[in-house]
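Tertiary structure, described
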Amino acid sequence: MDYKTNKNKPAVFSGVQPSGVLHLGNYLGALKQWVEMQEQYNCIFCVVDYHAITVKQEPKQLSRRILDVVRTYLAAGIHPAKAVIFQQSAISAHTELAWILNCAAARLSDLNKMTQFKDKSAKKESVSVGLYDYPVLMAADILLYNTDAVPVGEDQVQHVELTRTLAQRFNRQYGQVFKIPEVVISEQGARIMGLDDPAKKMSKSAASPANYIALTDTPEVATKKIRRAVTDSGSEIKYDLKNKPAIANLMVIYSLLTNISLKEIEKNYQGQGYGEFKKDLAEAVKKFLVEFQIKYNSFTDDEVRQILKHGAEKVRPLAEETLKTVKNKLGIN
Ligand code: TYM
């Protein structure tokens, strides 16, 4: 199946930053949806390395992580024959369009509303301009490819809404160019919470590794983290987000990994305590990690580089076409 020959299928675009360790939240909130979508849509999945450098990265580690994000996509089940995988910095149209949107569509008042910037910049002495402008680069990523749908976790919804605003504003001012993309979030996995604190999301920048299950954690480490995961008062296995947020989060993880519904889980664990449930959850996570890591470790760096190279070759003409139209509208071609 070739990307370019399926013009009538809706286009999907999404990406992951090569920063920090990828975790179950990334998988359940984003990648799992992507795998399902690649069967029906024209999917483009990007490794957004220019987003990663909005905060300081160690260069050697960043190079490694770019390849590792691709291996994560592949191990999750993204197939390069079905979906395009490429590296953001390989296509200069991303930063060019971001600059144009900065000038022709984005306003300080838009960016001042971004909650992720507020969280990420809080209590930091030195904050890059790039971190502030990050959502505009994300808008450029999405708008370059006439994207219909953007599957992401809940924390990215505000950025996709901003993308829509920028696209509409540009179109009003300069004439129809951009398609207005829709955000797609998973019904259950859009916000996987930290194991150490169900009030905070599972995050690659969490202070403690007890917050997340990394996709590269050994099953033993993952089992320990689950055993130590915070639970709520009482002992009943019940999906009650308000009163039992910790156990509700563990139930969501279990449900998404096993395809057992939350209702069924409640029924299966009637009369049993947290210990029993956590044991089964650890088993499910172990099964997932073992299968995931066998695939993850099976790809060589050369294979990954080839996939990125082919991906860039496929998307470059699409990105350049959009950029050319935009420049024409602005009178700078
Ligand atoms: P990033 O790299 O922080 O996260 C990658 C994806 O994982 C989702 N996610 C979660 N989902 C559920 N529960 C969680 N605890 C959790 N933590 C992370 C994120 O929502 C995301 O979907 N700005 C983006 C990357 C990006 C992008 C784009 C995405 C750049 N350009 C264009 C879509 C389209 C980011 O930093 O994701």
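Residues numbered from 1 in each chain as written. Predicted model: local features only at pLDDT ≥ 70, side-chain atom pairs only at ≥ 80, totals over all residues. Heavy atoms only, no water.

On to the pairing of strand β1 (residues 11-16), then. Counting buried positions along β1 yields five of six residues, so the element is predominantly enclosed. Two strands pair when backbone bridges link them, and β1 and strand β2 (residues 42-47) are joined in this way by six bridges, in the parallel orientation. Bridge pairing in β2 links F13 to I44. Running through helix α1 (residues 24-37), the crossover from β1 to the neighbouring parallel element β2 is right-handed. (Buried < 20%, exposed > 50% of the residue type's maximum accessible area, 1.4 Å probe, protein only. Helix = DSSP H or I, 4+ residues; strand = E, 2+ residues; numbered from the N terminus. Pairing = 2+ DSSP bridges. Right-handed = clockwise from strand over helix to strand, strands pointing away.)

Turning our eyes to something else, we now look at the site of the ligand. The local shell around the ligand holds 28 residues, among which Q17, Y134, D141, D155 and K204 are the closest. Measuring from a nitrogen atom of the ligand, one finds a backbone N or O atom of M202 at 2.9 Å. Note that an oxygen atom of the ligand is positioned 2.7 Å from one of the side-chain N or O atoms of K204. Considered on its own, the ligand offers 710 Å² of accessible surface; in the complex 98% of this is hidden by protein. Contributions of two or more residues to the shell around the ligand are made by β1, α1 and α7 (129-143). Partitioning the shell around the ligand into residue classes produces twelve nonpolar, eleven polar and five charged. (Near = heavy atom within 4 Å. Polar contact = N/O pair within 3.5 Å; in protein donor to acceptor, adjacent residues only side chain to side chain. Areas by Shrake-Rupley, 256 points an atom, 1.4 Å probe, with all protein chains shown as cover. Nonpolar A, V, L, I, M, F, W, Y, C, P; charged D, E, K, R; others polar.)

On to helix α12 (residues 274-296). The α-helix advances 3.6 residues per turn, and as a result positions three or four apart in sequence lie on the same side. Relative to the 33 Å expected for 23 residues at 1.5 Å per residue, α12 spans 31 Å between its end C-alpha atoms, a close match to the ideal helical length. Along α12, the residues classified as buried are Y274, F277, K278, L281, A282, A284, V285, F288, L289, F292, Q293 and Y296. Along its buried surface, α12 packs onto α1, α3 (59-76), α9 (219-228), α10 (245-258) and α11 (262-268). (Expected span 1.5 Å × (residues − 1). Contact = heavy atoms within 4.5 Å.)

Before going further, it helps to spend a moment on the domain arrangement of the chain. Taken domain by domain, the chain consists of domain 1 (3-190 + 300-330) and domain 2 (209-295). Counting residues at the interface gives 14 residues for domain 1, matched by 14 residues for domain 2. The junction of domain 1 with domain 2 conceals about 1300 Å² of combined surface from both sides, 74% of it contributed by carbon and sulfur atoms. Three residues, L24, A75 and Q188, lead the burial of domain 1 against domain 2; their summed loss comes to 44% of the area buried on that side. (Domains from an automatic or database assignment. Buried area = accessible area lost by both parts, 1.4 Å probe.)

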